[in-house]
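Now for the letters of each chain:
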Amino acid sequence: TGLDSAPSALRFASEWLRRDGLSGNLLLSDSRSPFPIANESFDVLLSTQVIHHALLETVLFTIDEITRVVCPGGFILISVPVFKENDESEEEWEEIERHTFVPLSGVEKGLPHHLFTLDEFGACFPAFEILSLGEDGKGHIALTGCKK
């Protein structure tokens, strides 16, 4: 099952599945809204560089939705950008709430990005046993967990 808010991404995924002789359930939906998925539907959930695109309250809602759709004993692998003090990025950003920034130019202009510290991100998943949590050295945090 794949969920994306971009029809073009779903077309790409559909073509990829078809090309490889696979099938899948592809859903057009925004991860910042309730997932159109039943409780405890997934044994594994993967989210890379997606859930941080909102204000913190909305990111926490998305994490609640992830928790809802993963089965007990199921696994998650989630990555988000890491917050670093005095980050000297080449892009201009405006901080709109603590650790939430909006780029003032570029393809993601106006799209909020909540940046996490390691401790903050790990604390967002109390329903999971954290199996690994760390930085990749390229500005990302990766978390793997097993639902209790």
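Predicted model, so just to flag it, every value in this text is computed and none were measured. Residue numbers here run from 1 along each chain, matching the order of that chain's written sequence. Local features in a predicted model are, by the rule used here, given only for residues with pLDDT of at least 70; side-chain atom pairs are given and counted only at 80 or more, and totals for whole chains, interfaces and linings are based on all residues. Only hydrogens and water are removed before side-chain values are computed, so all heavy atoms of the structure are retained for them.

Visitor: Even after reading the chapter, I still don't get the overall build of the protein, so can you show me in this structure?
Guide: A run of H or I in DSSP counts as a helix once it spans at least four residues, and a run of E counts as a strand once it spans at least two, with each numbered from the N terminus. Along its length, the protein carries three helices and nine strands. Its helices and strands in sequence order give the protein the pattern β-α-β-β-α-β-β-β-β-α-β-β, from N to C terminus. When we talk radius of gyration, it's over C-alpha atoms, and the globule rule is simply 2.2 Å times the number of residues to the 0.38. A globule of 148 residues ought to have a C-alpha radius of gyration of about 15 Å, and the protein, at 16 Å, matches this closely. Projected onto the principal axes, the alpha-carbon positions of the protein cover approximately 45 × 35 × 25 Å. Burial here depends on accessible area, computed with a 1.4 Å probe over protein chains only, as a share of the maximum for the residue type. Under 20% is buried, over 50% is exposed, and the range in between is partly exposed. Out of the 148 residues in the protein, the part that is buried amounts to 36%. Contacts are assigned to residue pairs that have any heavy atoms within 4.5 Å of one another. When contacts within the protein are restricted to residue pairs at least 6 apart in sequence, those whose partners lie at least 24 apart make up 57%. Residue exposure ignores everything except the shown protein chains as possible cover, and the areas themselves are Shrake-Rupley values with a 1.4 Å probe. Surface exposure of the protein reaches about 8900 Å², of which carbon and sulfur atoms provide 53%.

Visitor: For this particular structure, what's the right way to read the pattern of salt bridges?
Guide: Pairs can form between side chains of opposite charge whenever their charged atoms are close. When a carboxyl oxygen of Asp or Glu is within 4 Å of a side-chain nitrogen of Lys or Arg, the pair counts as a salt bridge. Per the stated rule, a full pass over the model turns up three salt bridges. Note that R32 and D30 form a salt bridge whose closest N and O atoms lie 2.7 Å from each other. Two residues, E65 and R68, come together in a salt bridge whose shortest N-O distance is 2.9 Å. Of the two residues, E65 and R68 both sit in helix 2 (residues 56–69), three residues apart, roughly one turn of that helix. Since its relative accessible area comes to 9%, E65 is described here as buried.

Visitor: What is the right way to read the packing of aromatic side chains from this model?
Guide: Aromatic ring pairs are described here by two measures, namely the spacing of the ring centres and the angle between the planes. For Phe, Tyr and Trp, where Trp contributes only its six-membered ring, two rings pair if their centres lie within 6.5 Å, and the inter-plane angle classes them as stacked under 30 degrees, edge-to-face over 60, or tilted in between. Taken as a whole, this structure holds four aromatic pairs when the rule is applied. Both rings, one in F121 and one in F125, keep their centres 5.1 Å apart while their planes meet at 75°; by these two values the pair is edge-to-face. The exposure classification of F121 matches that of F125, with both residues buried. With a centroid separation of 6.1 Å and an interplanar angle of 75°, the aromatic rings of F125 and F128 are classed as edge-to-face. You'll find F125 and F128 in the same group, each marked buried. Aromatic ring contacts, followed pair by pair, group F116, F121, F125 and F128 into a single cluster.

Visitor: What should I look at first to understand the nonpolar core in this one?
Guide: The tendency in soluble globular proteins is for nonpolar side chains to be buried side by side. Here, nonpolar core means buried Ala, Val, Leu, Ile, Met, Phe, Trp, Tyr and Cys residues that are tied together by side-chain atoms lying within 4.5 Å of each other. Formed by 23 residues in total, the largest nonpolar core has its most connected members in I66, I76, I78, F121 and F125. Those elements that provide at least two residues to this core are strand 3 (42–48), helix 2, strand 4 (70–81) and strand 9 (140–147). When near neighbours in sequence (up to four residues on either side) are disregarded, F125 contacts I63, I76, I78, I130 and L143.

Visitor: Is there a simple way to explain helix 2 in this structure?
Guide: Think of an α-helix as 3.6 residues a turn; residues three or four steps apart then line up on the same face. To estimate the expected span of a helix, count its residues, drop one, and scale the result by 1.5 Å. Between the first and last C-alpha of helix 2 there are 20 Å, a value that for 14 residues agrees with the 20 Å anticipated at 1.5 Å per step. Of all the residues in helix 2, the buried ones are V59, T62, I63, E65, I66, T67 and V69. Here the buried face of helix 2 lies against strand 3, strand 4, strand 7 (113–114), strand 8 (128–135) and strand 9.

Visitor: What is the right way to read the environment of L10 from this model?
Guide: Within the secondary structure layout, L10 lies in helix 1 (residues 7–19). A sequence separation of 17 residues divides L10 from L27, and the C-alpha atoms of the two residues are 7.7 Å apart. Apart from residues no more than four positions distant in its own chain, L10 is found in contact with G2, D4, L26, L27 and L28.

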